[in-house]
Amino acid sequence: MDRATILVVEDEFIVAYDLAETVRDEGYVLAGPYSHGGEALKKLDRDHPDCAILDVQLADGDVFSLADALTARGIPILFHSATRCRAS
């Protein structure tokens, strides 16, 4: 039985690591994690993801061009994001 491939795009190291380990622990094939949307976009033909977990705001900008490319291929997307705490 083929295992689904999940693309992970996240620029925060600890979050990316946690997502990657969760994907693997649940028995899926991991594509990534990538910290830049452009990098993940370039690898779509190689990775062939079945679905994607995308951080909305990355170090190189938002993830919406990658999301558009995934949507055009019929690949489901889960967006996630976090509010960053700032010390006063």
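Quantities reported herein were computed from a predicted structural model and do not represent experimental measurements. (Residues numbered from 1 in each chain as written. Predicted model: local features only at pLDDT ≥ 70, side-chain atom pairs only at ≥ 80, totals over all residues. Heavy atoms only, no water.)

Asks: Go over the environment of A59 with me, naming the residues and quoting the values.
Replies: Relative to the helices and strands, A59 resides in the loop between strand 4 (57–58) and strand 5 (61–62). Placed 48 residues apart in sequence, A59 and D11 show a C-alpha to C-alpha distance of 6.5 Å. (Helix = DSSP H or I, 4+ residues; strand = E, 2+ residues; numbered from the N terminus.)

Asks: Give me the lowdown on the pairing of strand 1 (residues 5–9), citing residues and values where you can.
Replies: Among the 5 residues of strand 1, 5 are classified as buried, and the element is accordingly described as predominantly covered. Because side chains alternate across strand 1, one face comprises the buried residues T5, L7 and V9, and the other comprises I6 and V8, equally buried. One ladder, built from 4 bridges, connects strand 1 with strand 2 (residues 29–34); its direction is parallel. Within the sheet, the bridge partner assigned to L7 lies in strand 2 and is A31. By the bridge criterion, 4 bridges tie strand 1 to strand 3 (residues 51–55) in an arrangement that is parallel. Residue V9 lies in a different strand from strand 3, and its bridge partner there is L54. (Buried < 20%, exposed > 50% of the residue type's maximum accessible area, 1.4 Å probe, protein only. Pairing = 2+ DSSP bridges.)

Asks: Talk me through the side chain of D47; I want residue IDs and the actual numbers.
Replies: Turning to its location among the elements, D47 is positioned in helix 3 (residues 44–47). With a relative accessible area of 13%, D47 lands in the buried category. Polar side-chain contacts of D47 include one of 2.7 Å to the side chain of Y34. When residues no more than four places from it in sequence are discounted, the contact partners of D47 are T5, L7, A31 and Y34. (Polar contact = N/O pair within 3.5 Å; in protein donor to acceptor, adjacent residues only side chain to side chain. Contact = heavy atoms within 4.5 Å.)

That is the geometry; function is a separate question.
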